Amino acid sequence: GWDSPGILAAALAGVLLLAAFTVIERRSPDPLLALRLLANPSLLLATAVAFMFTATFGSLLYFLSIYLHDVRGYDALATGLGFLLPTAVVVTGSALAGRVVTRIGVRRTLLSALAVGAVGACLLALALTPDGSYTWLVPGLTAVSIGDGMVFTTIYIAASTGVPDRQQGVASGIVTTGSGVGASIGLAVLVLIANAHTHGPDGDPSRTATSEGIKTAMFATAAGIVATFLVTLAVPRRASPSSAGGRR
């Protein structure tokens, strides 16, 4: 429970350590994290989007593996083969992101990729039925994976915009930390949402309940991607990177 001693102690320790880190970094002549970097709106946008990106897109493949293995009955090899398509599409989307950013800018690329990803998550949710086939998953998987690859690459382009050469690694580290925290929190929340539907007897009812739980988590993921879209949209144009002019 949230009020258990272990949870409360960990939360308190986290707050104290974060406060200590801030004090040390402010006083250090050569800080690990120069706090003035956090005044860079492009870097802040990239970190916020990275957090929400891994909390949503980053959890999708976990639920896909549960669906293929526990609901559809795929063995480990077949489940692994099921990831070949999204992996190939993610790599393709990531490779194309740089060209798209050069053509239409970081902000528009993020918005476009997030829109495609949200649609893909909804399509995927609708296809996650107990008796569905892998073919039904293809449209949603393709759209989600395109968005995934493009957003991932664009985040780091945004993070580097306006950052001096000697601090590029620090900026990348900030975004990576944000994505790591987002992945932990996002998956924890989505698993709670999915598991709320899985209480029941073994056998087919449990299999159906698992499918429904994953479907609900997938729709929650789509809502999270829409929220990321709205956050990106709300950032003033002058405060967001408009092109790939930043160093990569």
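Here the structure is shown first, and the text comes after it.
Chemist: What exactly am I supposed to notice about the overall build of the chain here?
Modeler: Within the chain, the secondary structure is distributed over eight helices and zero strands. The secondary structure elements of the chain, listed N-terminal to C-terminal, are α-α-α-α-α-α-α-α. A compact globule built from 248 residues would reach a C-alpha radius of gyration of about 18 Å, and the chain, at 20 Å, matches this within 12%. A principal-axis box enclosing the C-alpha atoms of the chain has dimensions of 60 × 50 × 30 Å.

Chemist: Which parts of the structure should I look at to understand the side chain of T109?
Modeler: In this structure, T109 sits in helix α5 (residues 106-127). Excluding anything up to four places from it in sequence, T109 contacts V100, V101, I104, M150 and T154.

Chemist: Is there a simple way to explain the nonpolar core in this structure?
Modeler: Grouped burial of nonpolar side chains is what soluble globular proteins tend to show. Counting residues in hydrophobic clusters, the biggest one holds 49 residues, and the most contacted among them are L137, V151, I155 and M218. Sorting elements by how many residues they give to this core places helix α2 (residues 41-71) first, with 13 residues. When neighbours within four sequence positions are excluded, M218 is seen to be in contact with L60, F63, A121, L124, A125 and L128.

Chemist: Looking at this structure, how should I read the side chain of Q167?
Modeler: Tracing the chain through its elements places Q167 in the loop between α6 (134-160) and α7 (168-195). Once residues lying within four places of it in the same chain are set aside, the contact partners of Q167 are A34, R36 and L37.

Chemist: Would you mind going over the packing of aromatic side chains with me for this structure?
Modeler: Working definition: an aromatic ring pair is given by the centre-to-centre distance plus the angle between the planes. In this structure the tally under the stated criterion is four aromatic pairs. Considering the side-chain rings of Y62 and F63, the 5.1 Å spacing of their centres and the 80° angle between planes classify their relative orientation as edge-to-face. Using a relative accessible area of 36% as the deciding quantity, one classes Y62 as partly exposed. A ring pair is formed by F152 and Y156, whose centres lie 5.3 Å apart and whose planes are at 55°; its orientation type is tilted.

Chemist: When you look at the packing of helix α4 (residues 84-104) against α6 in this model, what are you seeing that I'm missing?
Modeler: Geometrically, a packed helix pair is captured by the angle between its two axes and the distance between the axes. The N-to-C vectors of α4 and α6 enclose an angle of 40°; their axes lie 7 Å apart at closest approach. It follows from the interaxial angle that α4 and α6 lie oblique. In terms of crossing hand, the pair formed by α4 and α6 is right-handed. When α4 is examined against α6, the residues L85, P86, V89, V90, G93, S94, A97, G98, V100 and V101 are found in contact with a partner set consisting of Y134, V138, L141, T142, S145, I146, D148, G149, M150, T153, T154 and I157. For the contact of α4 with α6, a count of residues per class yields 13 nonpolar, eight polar and one charged.

Chemist: Would you mind showing me how to read a nonpolar patch on the surface here?
Modeler: Taken together, the side chains of F51, V181, I185 and V189 define a hydrophobic patch exposed on the protein surface, amounting to about 300 Å² of accessible area. It is α7 that contributes the most residues to the nonpolar patch, three residues altogether. Structurally, the position occupied by I185 is in helix α7.

Chemist: Whenever I open this one, the packing of α2 against α6 confuses me. Can you help?
Modeler: Between α2 and α6, the least distance of the axes is 10 Å, while the angle of their chain directions is 155°. By the angle class used here, α2 and α6 are roughly antiparallel. Where α2 crosses over α6, the two elements pack in a sense that is left-handed. Touching S42, L43, A46, V49, A50, F53, F57, L60, L64, Y67 and L68 of α2 are Y134, L137, L141, V144, G147, D148, V151, F152, I155, A158 and A159, all from α6. For the contact of α2 with α6, the residue count by class is 19 nonpolar, two polar and one charged.

Rules used throughout
- Residues numbered from 1 in each chain as written.
- Predicted model: local features only at pLDDT ≥ 70, side-chain atom pairs only at ≥ 80, totals over all residues.
- Heavy atoms only, no water.
- Helix = DSSP H or I, 4+ residues; strand = E, 2+ residues; numbered from the N terminus.
- Rg over C-alpha atoms; globule rule 2.2 N^0.38 Å.
- Contact = heavy atoms within 4.5 Å.
- Core = buried A, V, L, I, M, F, W, Y, C linked by side-chain atoms within 4.5 Å.
- Buried < 20%, exposed > 50% of the residue type's maximum accessible area, 1.4 Å probe, protein only.
- Phe/Tyr/Trp six-rings, centres within 6.5 Å; stacked < 30°, edge-to-face > 60°.
- Axes fitted to C-alpha atoms, helices over the stretch in contact; angles between N-to-C directions.
- Parallel < 35°, antiparallel > 145°, perpendicular 65-115°, else oblique.
- Left-handed = near helix turned anticlockwise from the far one by under 90°.
- Nonpolar A, V, L, I, M, F, W, Y, C, P; charged D, E, K, R; others polar.
- Patch = residues over 30% accessible without salt bridge, like charges linked within 9 Å, V, L, I, M, F, W, Y side chains within 5 Å.
- Areas by Shrake-Rupley, 256 points an atom, 1.4 Å probe, with all protein chains shown as cover.
- Salt bridge = Lys/Arg side-chain N within 4 Å of Asp/Glu carboxyl O.

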